[in-house]
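Per-entry structural report
Here's the letter readout for the chains.
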Amino acid sequence: MSAVIPPSGPSAPQSHGKIKAIVYFVGFTAALAGLLFGLDVGVISGANEFIQKDFQIDDTRVEHIVSALLWGAVFGVLLSGFFSLRFGRRGTILISALVFAVGSIFCAMAPSPGFLIGARFFLGIAVGMASFVAPLYLSEIAPQSVRGALISMYQLMITIGIVVAFLSDTFFASYADLQPLATKLSESVSTLAGGRGQMVMEGYFAMPWRWMLGIIAVPAVLMFLGMLLLPESPRWLVLKKRGPKALEVLRRLASTEQEAERELAEIEASLQVEQKGFALFKQNRNFRRAIFLGVGLQVIQQFTGINVIMYYAPRILQEAGFDTTAEQMWGTVLVGTINVLATFIAIAFVDRLGRKPIMYAGFTVMGAGMLSLGAIFHLGLGGGGQDMTMSYLAIASLVVFIIGFAMSAGPIIWILCAEIFPLAGRDFGITCSTATNWTANAIVGMTFLTMLNTLGPGNTFLLYGALNAIFIVFFLAFVPETKGISLESIEKKLLSGAPLKQIGR
């Protein structure tokens, strides 16, 4: 679910020099934004049951808590353009790390559902900013020869973050007794506060969901400290008329002096193309077609049903007959692990087989997974000591769906969105498509439990399965194959009025 942003400038010969260690340090540290992104997306899945129990709230309120972060992410994406231009790419990542840390603590200390919704919205701002700025920073600072690899690292870190969140939730959910730790911590806090509030704090620290939500502050602080050591984006420095400083950064990263100078020349050339944004949208029908395609692709990604699984996996497993918390949590970990591993399928084949063949295969696999899951629910499930055969088949259907998504729609939708916009409107186009992703994400997050309670699990999953079949038709009619095609060629065909399906090869 991360944004992949290609280099903005013209193509240049690839360097064959040795890549410096600092490049990988820069890539790993910036990619931690993806880890935090994944942690915040995944952590709520295991916390929902405990939050609902402790606050005594209904499913509708749970949907509000889940979707609050996603609406915050929409707002964060819309802020990202201003912040990244005003404070720099590195500066904006630092700001998002601080918001991550503070927002996580606010969530952990929430005294009421309303406060938690507000804290999740605040935290979502950081998620939205990170989803836009971190891959942008990586695309602008990495040497050309490893640019794709470093951006892919960010994307992979999101899936790893989701798994780590599931494991963290499982640990705190299965921790036999938080009370001794809660007592010690509350005594310490009470001492610092002059002997006040021990009973209140003891109750807070004994709730597993507070630990689940609060522990994310630790990697956020680590990312903030790591980003302090990294340089600013050379493209932003050139944009701010700081060419000598940009060259200094490029010399630290490039293999040779010649490569650094060539990169600087590329950056300066790319900035000659004026970013017209909304003006281009109003004036150029062909650019509006690209916006339509980008928005449609992001709606499709979310309505495959992926975040139904990511946000509500324990609830789905409970419906499938796995009654204990341990079964539900470890099932969730399995789902997240499969998501990580299957992502490597896309990384290995997207530039060999092409975008569309993998997407067709992905839709077929996802549709089969959702349709079989719906059918299994209609046939009936065991649980509570009954025959669990159908329950295990339900788990298998979930795994099939996750494989289909991770190998296709997960990474490839972002790749396509990064390729279809002309340079003069790329920032605007990516902002529109990324904001759409989070908006559709929020709609899914705030409607699933309602659908589950009104339509029933069987019909709900059958509906998502049918949507995956419909999405194949959209790809057949509108989506181009962009494998091996330069961004300049795609742009030329788009702006010449060629049908969307034909702007690739």
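Going along each chain's sequence as written, the residues are numbered from 1 onward. Residues qualify for local features only when their pLDDT is at least 70, as the model is predicted, and side-chain atom pairs are given and counted only at 80 or more; totals for whole chains, interfaces and linings, by contrast, use all residues. With hydrogens and water set aside, each side-chain value is computed from the structure's full complement of heavy atoms.

Let us now look at the overall build of the chain. Helices and strands together make up the secondary structure of the chain, namely 23 helices and 0 strands. Across the 505 residues in the chain, those meeting the buried criterion constitute 59%. The criterion used for residue contact is that any of the two residues' heavy atoms lie within 4.5 Å. Of all intrachain contacts in the chain linking residues separated by at least 6 positions in sequence, the fraction that spans at least 24 positions is 82%. Only carbon and sulfur atoms are counted for the fraction: they give 67% of the accessible area of the chain, which is about 19400 Å². Per the convention used, a helix needs a DSSP run of H or I reaching at least four residues, while a strand needs a run of E reaching at least two, with both numbered from the N terminus. For each residue, the accessible area found with a 1.4 Å probe, counting protein chains only, is set against the maximum for its type, and the residue is called buried under 20%, exposed over 50%, and partly exposed in between. For accessible areas, the Shrake-Rupley method is used with a probe of radius 1.4 Å. Any residue's cover is judged against the shown protein chains and nothing else.

All axes are obtained by fitting lines to C-alpha atoms, using only the stretch in contact for helices, and the reported angles, taken between N-to-C directions, cover 0 to 180 degrees. Contact geometry of helix 14 (residues 285-303) with helix 20 (residues 426-445) gives a least axis separation of 8 Å together with a crossing angle of 30°. Taken together, the axis directions place helix 14 and helix 20 in an arrangement best described as roughly parallel. Crossing handedness for the pair helix 14 and helix 20: right-handed. Between helix 14 and helix 20, the residues in contact are Phe287, Ile291, Gly294, Val295, Gln298, Val299, Gln301, Gln302 and Phe303 and Phe428, Gly429, Cys432, Ser433, Thr436, Asn437, Ala440, Asn441, Ile443 and Val444, respectively. Oblique is the label for any angle not covered by the other classes, which are roughly parallel (under 35 degrees), roughly antiparallel (over 145) and roughly perpendicular (65 to 115). By convention the crossing between two helices is left-handed if the near helix lies anticlockwise of the far one by an angle smaller than a right angle, and right-handed if it lies clockwise.

Right, let's get into helix 14. What a helix should span is 1.5 Å times the count of its residues minus one. For helix 14, spanning 19 residues, the distance from its first C-alpha to its last is 27 Å, which sits close to the expected 27 Å at 1.5 Å a residue. Two or three places before asparagine 286, at the opening of helix 14, asparagine 284 has a side-chain oxygen 2.8 Å from that residue's backbone nitrogen. Once helix 14 finishes, glycine 305 follows within two positions and takes phi at roughly 105°, a positive value. Think of a polar contact as two N or O atoms within 3.5 Å of one another; within protein, one of them needs to be a possible hydrogen donor and the other a possible acceptor, and neighboring residues in sequence only count if both atoms come from side chains.

This next bit is on the side chain of arginine 355. Within the secondary structure, arginine 355 sits in helix 17 (residues 355-379). Residue arginine 355 is classed as buried on the basis of its relative accessible area of 5%. A polar contact of 2.5 Å, which involves the side chain of arginine 355, links it to the side chain of glutamate 419. Each residue touching arginine 355, except ones within four places of it in the same chain, is listed here: Val350, Ile412, Ile415, Leu416, Glu419, Glu481, Thr482 and Lys483.

Bringing the pattern of salt bridges into the picture now. The term salt bridge refers to a pairing of a side-chain nitrogen on Lys or Arg with a carboxyl oxygen on Asp or Glu at a separation within 4 Å. By the definition in use, this model includes 4 salt bridges. For glutamate 248, the salt bridge identified is with lysine 245, shortest N-O distance 3.5 Å. Of this pair, glutamate 248 and lysine 245 both sit in helix 11 (residues 243-253), separated by 3 residues, roughly a single helical turn. Relative accessible area serves as the criterion here: at 36%, lysine 245 is assigned to the partly exposed category.

This next bit is on the packing of helix 2 (residues 59-87) against helix 4 (residues 113-141). Between helix 2 and helix 4, whose axes approach to 5 Å, the crossing angle comes to 40°. Relative to helix 4, the element helix 2 is oriented oblique. For the crossing formed where helix 2 meets helix 4, the hand is right-handed. A breakdown of the residues in the contact of helix 2 with helix 4 according to their chemical character gives 20 nonpolar, 9 polar and 2 charged. Here the term charged refers only to Asp, Glu, Lys and Arg, the term nonpolar to Ala, Val, Leu, Ile, Met, Phe, Trp, Tyr, Cys and Pro, and the term polar to all other amino acids, Gly among them.

With that settled, the discussion passes to unusual backbone geometry. Of note, the phi angle at glutamine 56 is positive, near 55°, even though the residue is not glycine. Topologically, glutamine 56 is positioned in the loop between helix 1 (21-55) and helix 2.

Attention now goes to the nonpolar core. By size, the foremost hydrophobic cluster in this structure holds 147 residues, and its most contacted members are Ile51, Leu297 and Phe475. The greatest single-element share of this core, amounting to 17 residues, is contributed by helix 1. With residues near it in sequence (within four places) discarded, leucine 297 still touches Ile413, Leu416, Cys417, Ile420, Phe474, Phe475 and Val479. To define a nonpolar core, start from buried Ala, Val, Leu, Ile, Met, Phe, Trp, Tyr and Cys residues and group those joined through side-chain atoms within 4.5 Å.

Another point: helix 19 (residues 409-419). Of all 11 residues making up helix 19, 11 are buried, and the element is well covered by its neighbours. Those residues of helix 19 lying buried are Ala409, Gly410, Pro411, Ile412, Ile413, Trp414, Ile415, Leu416, Cys417, Ala418 and Glu419.

Its place among the elements puts alanine 394 in helix 18 (residues 389-406). Note: C-alpha distance between alanine 394 and serine 372 (22 residues apart in sequence) is 7.9 Å.

For the rest of this paragraph, the subject is the packing of aromatic side chains. Two aromatic rings from Phe, Tyr or Trp, using only the six-membered ring of Trp, form a pair when their centres are within 6.5 Å; if the ring planes differ by under 30 degrees the pair is stacked, by over 60 it is edge-to-face, and anything between is tilted. Inspection of every chain in the model, using the stated rule, returns 22 aromatic pairs. Ring geometry for phenylalanine 377 and phenylalanine 461: centres 5.6 Å apart, planes at 25°, overall stacked. Of this pair, phenylalanine 377 sits in helix 17 while phenylalanine 461 sits in helix 22 (residues 457-478); the two residues are 84 residues apart in sequence, bridging distant segments of the chain. When its relative accessible area of 12% is taken as the criterion, phenylalanine 377 is described as buried. Residue classification places phenylalanine 461 among the buried positions, given a relative accessible area of 1%.

The next thing to look at is the confidence of the model for the chain. Looking at the chain as a whole, its pLDDT mean stands at 82, while 86% of the residues score no less than 70. Ignoring residues within four places in sequence, the model shows residues 1-16, a span with pLDDT below 50, making 58 contacts including any to other chains. For every residue, the predictor reports its confidence as pLDDT, a number between 0 and 100.

In this fold, isoleucine 490 is placed in helix 23 (residues 487-495). Using a relative accessible area of 0% as the deciding quantity, one classes isoleucine 490 as buried. Taking C-alpha positions, isoleucine 490 is 8.0 Å from proline 422, a pair spaced 68 residues apart along the chain. Ignoring any residue separated from it by four or fewer positions in sequence, one finds isoleucine 490 in contact with Glu419, Ile420, Thr482, Ile485 and Ile503.

The residue threonine 325 is located in helix 16 (residues 325-353) in this model. For threonine 325, a relative accessible area of 25% translates into the label partly exposed. Spatially, the C-alpha atom of threonine 325 lies 9.2 Å from that of glutamate 49, the residues being 276 residues apart in sequence. Ignoring anything within four residues of it in the chain, the contact list for threonine 325 reads Glu49, Phe50 and Ala173.

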